[in-house]
Amino acid sequence: ARLPMSTDSHLNLIRAYFAACGIASADEIAAHFTEGATIYDTNHAPVVGRERIGAFWAQVRERWSGARWIVDNAIEDGDTAAIEWSMHGVADGQPFTFRGSEHYRFRDGLIDEIRQYWTYDPEQPGSALVDFDYSEFDAQD
């Protein structure tokens, strides 16, 4: 049985999950989630179940040719956390950065739910807050 994780471990779990999305197998990505975990998103239908989540992220990575995800900022409270993130990659030979935020719920030391808020425009890859200075976040790469 897994021991309950401290809140600091929740952020470590999110960072490990983000790293896995960039390089790991679908099964390794899925290992960060509860069996019935759900990812809700502003751009597509919910992804339900750890195996589907792992396969989903493996497909996303292939689509965005080597995309990688970075946790830019995080705050947590008990079994919940909220983060700001950036996704860096290349589309049609052009580098891009998408930015968004996610809200997490944890159960038994694993991710049980993610609510992802970001904007995707296939005509113009990339998203950011208008007039926000991202240099503080970009220095963390």
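So, a few notes on the structure that sits alongside this text. Keep in mind that what you see is a predicted model, and the values were worked out from it rather than measured.

**Remarks on the sheet that holds strand 5 (residues 94-107)**
Inference 1: Spatial strand order, 2-1-6-5-4-3: six strands in an open sheet with mixed pairing. Looking at strand neighbours, the two that pair on one side only are strand 2 (47-48) and strand 3 (68-77), the edges of this open sheet.
Inference 2: Pairing of strand 3 with strand 4 (residues 80-91) involves nine bridges; the strand directions are antiparallel. The residue bridging Val 71 from the neighbouring strand is Trp 85, located in strand 4.

**A look at the layout of surface pockets**
Inference 1: Of the voids in this model, the largest pocket is the one considered here, and its volume is about 260 Å³.
Inference 2: If you trace the largest pocket, you find 16 residues lining it, with His 44, Phe 56, Val 60, Trp 64 and Trp 118 closest to the centre.
Inference 3: Of all the secondary-structure elements, those providing two or more residues to the lining of the largest pocket are helix 3 (50-63), strand 4 and strand 6 (110-118).
Inference 4: Top element by residues in the lining of the largest pocket is helix 3. It accounts for five residues.
Inference 5: Considering only enclosed or pocket space, the second largest pocket measures out at about 190 Å³ in volume.
Inference 6: As for the second largest pocket, its lining consists of 14 residues, of which Arg 99, Gly 100, Ser 101, Leu 129 and Tyr 134 are closest to the centre.
Inference 7: Secondary-structure elements contributing two or more residues to the lining of the second largest pocket are strand 4, strand 5 and strand 6.
Inference 8: In terms of residue count, strand 5 provides more of the lining of the second largest pocket than any other element does, three residues in total.
Inference 9: Taken together, the residues that form the lining of the second largest pocket break down as seven nonpolar, four polar and three charged.

**A look at the pairing of strand 5**
Inference 1: As paired strands, strand 4 and strand 5 are joined by 12 bridges and run antiparallel to one another. Across the sheet, Ala 91 pairs through a bridge with Gln 94, a residue of strand 5.
Inference 2: Adjacent in sequence and paired antiparallel, strand 4 and strand 5 are bridged by two residues, among which Asp 92 carries a positive phi angle near 50°.
Inference 3: Examined bridge by bridge, strand 5 and strand 6 share eight bridges and lie antiparallel to one another. Bridging from a neighbouring strand, Ser 101 pairs with Tyr 117 of strand 6.
Inference 4: Counting the residues in the hairpin turn of strand 5 and strand 6 gives two residues, including Asp 108, whose phi is positive at 55°.

**Concerning the pattern of salt bridges**
Inference 1: Overall, the coordinates contain seven salt bridges when judged by the stated rule.
Inference 2: Between Arg 105 and Asp 112 there is a salt bridge, and its shortest N-O distance comes to 2.8 Å.
Inference 3: Here Arg 107 makes a salt bridge to Asp 112, at a shortest N to O gap of 3.2 Å.
Inference 4: Classification of Arg 107 by relative accessible area gives partly exposed; the value is 41%.
Inference 5: Residues participating in the shared-partner salt-bridge network are Arg 105, Arg 107, Asp 108, Asp 112, Glu 113 and Arg 115.

**Considerations on the side chain of Asp 41**
Inference 1: Note on placement: Asp 41 falls in strand 1 (residues 33-41).
Inference 2: At a separation of 2.6 Å, a polar atom in the side chain of Asp 41 contacts the main-chain amide nitrogen of Asn 43.
Inference 3: A distance of 2.4 Å separates the side chain of Asp 41 from the side chain of Gln 116, its partner in a polar contact.
Inference 4: In this structure Asp 41 touches Gln 116 and Trp 118, once residues within four positions along its chain are discounted.

Rules used throughout
- By convention here, each chain's residues receive numbers from 1 onward along its written sequence.
- In view of the model being predicted, local features appear only for residues whose pLDDT reaches at least 70, and side-chain atom pairs are presented and counted only at 80 or more, with totals across whole chains, interfaces and linings using the full set of residues.
- Computation of side-chain values covers all heavy atoms of the structure but excludes hydrogens and water.
- Two strands pair if DSSP finds at least two bridges between them.
- In this description a helix means any DSSP run of H or I spanning at least four residues, a strand means any run of E spanning at least two, and both kinds are numbered starting from the N terminus.
- A cavity here means a set of points on a 1 Å grid, drawn over the protein atoms and nothing else, where a 1.4 Å probe fits but cannot get out; a pocket is an open set with protein on both sides within 12 Å along at least five of seven lines, and a residue lines either one if it has an atom within 4 Å of a point.
- Grid points are joined across faces, edges and corners, and a volume is the space filled by probe spheres set on the points.
- Charged means Asp, Glu, Lys or Arg here, nonpolar means Ala, Val, Leu, Ile, Met, Phe, Trp, Tyr, Cys or Pro, and polar covers whatever is left, Gly included.
- By definition, a salt bridge exists where a carboxyl oxygen of Asp or Glu is found within 4 Å of a side-chain nitrogen of Lys or Arg.
- Residue burial is assigned from relative accessible area. The probe radius is 1.4 Å, only protein chains are included, and a residue is buried under 20% of its type maximum, exposed over 50%, and partly exposed in between.
- N or O atoms within 3.5 Å of each other form a polar contact, as long as, within protein, one can give a hydrogen and the other can take it, and as long as residues adjacent in sequence are counted only when both atoms are side-chain atoms.
- Note on contacts: a residue pair qualifies if any of its non-hydrogen atoms lie within 4.5 Å across the two residues.

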